[in-house]
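# Observations on the model geometry
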Amino acid sequence: QVQLVESGGGSVQPGGSLRLSCAASGSIGTIYDMEWYRQAPGNKRELVGTITNGGGTKYTDSVKGRFTISRDNGKNTVYLQMASLKPEDTAVYYCTASIRAAGSFLRRDYWGQGTQVTVSS
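Scope of this entry: the structure provided in the associated data block.

Quick notes on the rules
Residues numbered from 1 in each chain as written. Predicted model: local features only at pLDDT ≥ 70, side-chain atom pairs only at ≥ 80, totals over all residues. Heavy atoms only, no water. Helix = DSSP H or I, 4+ residues; strand = E, 2+ residues; numbered from the N terminus. Contact = heavy atoms within 4.5 Å. Disulfide = S-S within 2.5 Å. Buried < 20%, exposed > 50% of the residue type's maximum accessible area, 1.4 Å probe, protein only. Pairing = 2+ DSSP bridges. Axes fitted to C-alpha atoms, helices over the stretch in contact; angles between N-to-C directions.

### Considerations on the environment of V12
With respect to the helices and strands, the residue V12 is situated in strand β2 (residues 10-12). Along the backbone, V12 and G114 are 102 residues apart, and their C-alpha atoms lie at a distance of 17 Å. Sequence-distant contacts of V12, defined by excluding residues within four places in its chain, comprise S17, L18, L85, T118, V119 and S120.

As structure tokens, then:
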């Protein structure tokens, strides 16, 4: 069974920084793209950014220049470094990964449980 576990959320003042982590564990064969999403109250879940297994990254316009996604393939972990945080960044942040489980030919998407980020003075 594959699991994604997030950590690092919390409360921060505007202009502050936080780093989220998301570790995959279990019977993992290959991890492909890893992504971060967020969902604010009353809003749809939105894609924050993507990192490929080769390290290529894409971001939604609202976080470009402020957020950085990275991954440590040896630790099966993806990170979201958030800087210059704004109140509108307040949301539950979720990681997701496209993973082929060990011994399987198929890949599927797995989701973490979500971690709250609150930006407020």
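### A look at the state of the cysteines
Applying the stated criterion across every chain, the model contains one disulfide. There is a disulfide in this structure between C22 and C95, and the S-S distance comes to 1.9 Å. Here C22 and C95 share a disulfide; its torsion about the S-S bond, 50°, makes the bridge right-handed. Within this pair, whereas C22 is found in strand β3 (residues 18-25), its partner C95 is found in strand β9 (residues 91-101), the two being separated by 73 residues in sequence. Each member of the pair, C22 as well as C95, is classed as buried.

### Here's the deal with the sheet that holds strand β8 (residues 77-82)
An order of β1-β3-β8-β7 is seen for the four strands of this open sheet, with the pairing classed as antiparallel. For this open sheet the edge positions go to β1 (3-7) and β7 (67-72), each flanked by a neighbour on one side alone. The mean angle between the axes of side-by-side strands here comes to 15°, regardless of whether they run parallel or antiparallel. Strand direction decides the pairing type here: β1 and β3, joined by five bridges, are antiparallel. If you follow Q3 over to β3, its bridge partner there is S25.

### Details of the pairing of β7
The side-chain alternation of β7 yields one buried face, formed by F67, I69 and R71, and one unburied face, formed by T68, S70 and D72. Both β7 and β8 contribute to a ladder of six bridges, which runs antiparallel. Each residue of the ladder has a partner; that of T68, found in β8, is Q81. Where β7 folds back on β8, the antiparallel hairpin that results is connected by four residues, among which N76 adopts a positive phi of roughly 50°.

### Points about unusual backbone geometry
A positive phi angle, near 50°, is found at N76, a position not held by glycine. On the secondary structure map, N76 appears in the loop between β7 and β8. Positive phi is not limited to glycine here, since S84 has a value of about 50°. Its place among the elements puts S84 in the loop between β8 and β9. For S84, a relative accessible area of 41% corresponds to the partly exposed category.

### Observations regarding the pairing of strand β4 (residues 28-39)
Here β4 runs beside β9; their pairing, made up of nine bridges, is antiparallel. Looking at β9, one finds that W36 is bridged to C95. The pairing of β4 with strand β5 (residues 46-51) spans five bridges and is antiparallel. Each residue of the ladder has a partner; that of W36, found in β5, is G49. In textbook terms, the turn of a hairpin is the stretch between consecutive antiparallel strands, and for β4 and β5 this stretch comprises six residues, one of which, G42, has a positive phi near 80°.

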